[in-house]
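# Examining the three-dimensional arrangement
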Amino acid sequence: LTTKKSGRWKDTLRNIICTREFVVNHVTTGAFAQMYETSKEFDPEIDEFSVAKLTPMPSDQVAAPRIMESPIQLECKLLNLIPVGDSTKYGSSTVVIGKILITHLQDSLVNEHADGSVTIHDLSLETVARMGGLEYGTIGTRWNVEQDKNWNENHW
């Protein structure tokens, strides 16, 4: 999370520090404009969900709401914060590390297999990543490698 131009923390980081919990909402190209809207600097009393026309929904294990428009939501407990740069200056960041307590998936993403295992059908997600500055992108071309004798599924 980046620092505001004033040198103060963004509300999201302050809330994470105060509550020690948060939700990571997966961003797709379909919801990118709304997500970007929430990244702007707002005063604490402004409801970013309303401004961005996003739908908050209750979480199961944390107080922070999930976003209905997000196909994957991770409810998390804060484990650690790592400052990057001078946290009192604009452009610095804080890496937030959390333990995932529960994962929510849209039903259309879940593949249930005959052996009882479950995988995520993620090729249609069009995941958005921030590349740096104002540059964003999607994952692009993807491929699987063949399993080899050193593959340990339990490790991953």
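Please refer to the structure higher up on the page.
Summary of the structure given here. (Residues numbered from 1 in each chain as written. Predicted model: local features only at pLDDT ≥ 70, side-chain atom pairs only at ≥ 80, totals over all residues. Heavy atoms only, no water.)

### As for the packing of aromatic side chains
What characterises a pair of aromatic rings is the spacing of the ring centres plus the angle enclosed by the ring planes. Applied cut-off: Planes of paired rings set the category: under 30 degrees apart is stacked, over 60 is edge-to-face and the rest tilted, where pairs are Phe, Tyr or Trp rings (Trp by its six-membered ring) whose centres lie within 6.5 Å.
Applying the stated criterion across every chain yields a total of three aromatic pairs. These aromatic residues form a ring-pair network of at least three members: Phe32, Tyr36 and Tyr136.

### Some points on the environment of Val62
The test is simple: Runs of H or I in DSSP of at least four residues are treated as helices and runs of E of at least two as strands, each being numbered from the N terminus. Each residue is assigned to one of three classes by its accessible area relative to the maximum for its type, calculated with a 1.4 Å probe on protein chains only: buried under 20%, partly exposed between the two thresholds, exposed over 50%.
Locating Val62 in the fold gives a position in the loop between strand 2 (56–57) and strand 3 (66–67). You can call Val62 buried: its relative accessible area is 8%.

### Looking at the pattern of salt bridges
Stated formally: Within this document, salt bridges are pairs made up of a side-chain nitrogen of Lys or Arg and a carboxyl oxygen of Asp or Glu, the two lying within 4 Å of each other.
What the rule picks out here adds up to three salt bridges. The salt bridge involving Asp11 is made with Arg14; its shortest N-O contact spans 2.5 Å. Taken together, the positions of Asp11 and Arg14, both in helix 1 (residues 11–19) and three residues apart, correspond to about one turn of that helix. With relative accessibility at 34%, the residue Arg14 sits in the partly exposed group. Between Glu37 and Lys40 there is a salt bridge, and its shortest N-O distance comes to 3.1 Å. By relative accessible area, Glu37 is classed as partly exposed at 23%. Assessed through its relative accessible area of 38%, Lys40 is described here as partly exposed.

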